[in-house]
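# Residue-level structural notes
Now for the letters of each chain:
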Amino acid sequence: MTAFADTASAGGEALRPHAEHAFADELAALAAADDRPRPACWKLSPWAVATYLLGGTLPDGTLVTPKYVGPRRLVEVAVSTLATDRALLLLGVPGTAKTWVSEHLAAAVSGDSTLLVQGTAGTPEEAVRYGWNYAQLLAQGPSREALVPSPVMRAMADGMTVRIEELTRIPADVQDALITILSEKTLPVPELGQEVQAVRGFNLIATANDRDRGVNELSGALRRRFNTVVLPLPATPEAEVDIVSRRVDQIGRSLDLPRTPDSSTEIRRVVTVFRELRQGVTEDGRTRLKSPSGTLSTAEAISVVTGGLALAAHFGDGVLRPGDVAAGVLGAVVRDALADKVVWQEYVETVVRERDGWKDFYRACREAAA
């Protein structure tokens, strides 16, 4: 793993650095200023972890940028959970920053966010427990050298935080392998007559999608092993605009996109469209709307605006205009070619066309749909 990482570094800057690398200066400044008690194996105190996520100014003047914009209490509950022996489940609809929050929590707590199990329908039990190097297994039989530890086993042995993404997409029998780990804090290896016991500092963060209920719903036994924190959608348009603006700026700098003039007008339009269609009512509450089949999440708004900025920078005059985001908005809304197309057309003709100051956006939407 180290060799591959060194090779990537030699070939150029990582496209998407891990949180502990991208915000290394902030984490170092927090560690230097942090004089509060730290749980075993934690790099920072719970107070400093929460400050890292929510942002703030340190006594030496260092500005800690917010990683999550939302209710402070939710972050405090999440961090406090990790300081106990209870695992943490981040639950929410798509695009509520569950993965983003889990990565930054792991980076702040353990200094390493890479102990990760990505949940899919094909995730095997070995991804949660352990596997084998079959060449060594055949040559020498079962041995500790032939065993290939999972990220969960490594976190247990080192007292670190492990992440499991999309827990409800993992088959139920694989999910159940977590029950003994979370309740007994031990992972038996019957082939060797041994076990791995979790050392202090070990904990687990899982994420799950509200819309995946019924795919591989968590058993009652497993759900009881978690403290659940529900991450909501941004409460106000201003909060969502702020989130989109921050993330677009970060992504643009990481991709070396040319700087563009103020893009707040188009960002607010994209956010407004997404919020109104998502909630099924216009901002003023006067017009009821049909909602499309997609989620129209904050994450999708970030993607639409980022794509629009790339268009404006490389194929326009550098100013983000309605024509740069209209096609992206159309693609995000119209997932079902029949039903969603009708929803979008009604919204454009009854809301966008009649809204003051939106004539240019209306024309761009008509052209994108033509």
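What this report covers is the structure whose coordinates are included nearby. Bear in mind the structure is a predicted one, so any value in this text is a computation, not a measurement.

### A look at the packing of helix α14 (residues 298–315) against helix α15 (residues 322–333)
- Relative to each other, α14 and α15 sit at 150°, their axes nearing to 8 Å. When the axes of α14 and α15 are compared, the pair comes out roughly antiparallel. The interaxial crossing formed by α14 with α15 has right-handed handedness. Residue-level contacts link E300, V304, G308, L311 and A312 of α14 to D324, V325, G328, V329 and A332 of α15.
- Of the residues in the contact of α14 with α15, the class split is six nonpolar, two polar and two charged.

### Looking at the pairing of strand β3 (residues 87–92)
- The element β3 is largely enclosed, with a buried count of six among its six residues.
- Of the two faces of β3, the one holding A87, L89 and L91 and the one holding L88, L90 and G92 are both buried throughout.
- Of the pairings in the sheet, the one linking β3 to strand β11 (residues 226–230) comprises five bridges and is parallel in character. Its bridge partner being in β11, L88 is matched across the sheet by N227.

### Description of α15
- Here α15 is twelve residues long and its end C-alpha atoms lie 16 Å apart, about the 16 Å a rise of 1.5 Å per residue gives.
- Turning to α15, its buried residues number three or more, namely P322, D324, V325, A326, V329, L330, A332 and V333.
- Buried positions along α15 lie against α13 (264–279), α14, α16 (339–352) and α17 (359–369).

### Observations regarding the packing of α13 against α14
- Viewed as axis vectors pointing N to C, α13 and α14 meet at an angle of 145°, and their least axial separation amounts to 10 Å. Viewed along their axes, α13 and α14 form a crossing whose handedness is right-handed. Seen from α13, the contacting residues are I267, V270, F274 and R278; seen from α14, they are T298, E300, A301, V304 and V305.
- Taken together, the residues of the contact of α13 with α14 break down into six nonpolar, one polar and two charged.

### Focus: the pattern of salt bridges
- Considering all chains together, one arrives at 20 salt bridges under this definition.
- Here E26 and K67 are joined by a salt bridge, their closest N and O atoms 2.7 Å apart. One end of the pair, E26, is in helix α3 (residues 24–33); the other, K67, is in the loop between β2 (63–64) and α5 (72–82), and 41 residues separate them in sequence. The residues E26 and K67 share a single accessibility class, namely buried.
- K290 serves as the salt-bridge partner of E346, at 3.5 Å between the closest nitrogen and oxygen. Within this pair, whereas E346 is found in helix α16, its partner K290 is found in the loop between α13 and α14, the two being separated by 56 residues in sequence.
- Residues participating in the shared-partner salt-bridge network are E349, R353, E354 and R366.

Reading the values: the criteria
- All residue numbers refer to position in the chain's written sequence, counted from 1.
- Only residues with pLDDT of 70 or above have their local features reported here, since the model is predicted, and side-chain atom pairs are shown and tallied only from 80 upward, although totals for entire chains, interfaces and linings are computed over all residues.
- Hydrogens and waters are ignored; side-chain quantities use all the structure's heavy atoms.
- Geometry is summarised by axes, namely lines fitted to C-alpha atoms with helices restricted to the contacting stretch, and by angles between N-to-C directions that run from 0 to 180 degrees.
- A run of DSSP states H or I qualifies as a helix once it reaches four residues; a run of E qualifies as a strand once it reaches two. Both are numbered from the N-terminal end.
- In these notes the angle categories are as follows: under 35 degrees is roughly parallel, over 145 is roughly antiparallel, 65 to 115 is roughly perpendicular, and the rest is oblique.
- Throughout, a crossing is termed right-handed when the near helix is turned clockwise from the far one, and left-handed when it is turned anticlockwise from it by less than a right angle.
- Residues are treated as being in contact if the distance between any of their heavy atoms lies within 4.5 Å.
- Residues are grouped as follows: nonpolar covers Ala, Val, Leu, Ile, Met, Phe, Trp, Tyr, Cys and Pro; charged covers Asp, Glu, Lys and Arg; every other residue, Gly included, is treated as polar.
- Each residue is assigned to one of three classes by its accessible area relative to the maximum for its type, calculated with a 1.4 Å probe on protein chains only: buried under 20%, partly exposed between the two thresholds, exposed over 50%.
- Pairs of strands are assigned from DSSP output, requiring at least two bridges between the strands.
- How far a helix is expected to stretch is found by multiplying one less than its residue total by 1.5 Å.
- Salt bridges, as used here, are contacts in which a Lys or Arg side-chain nitrogen is within 4 Å of a carboxyl oxygen on Asp or Glu.

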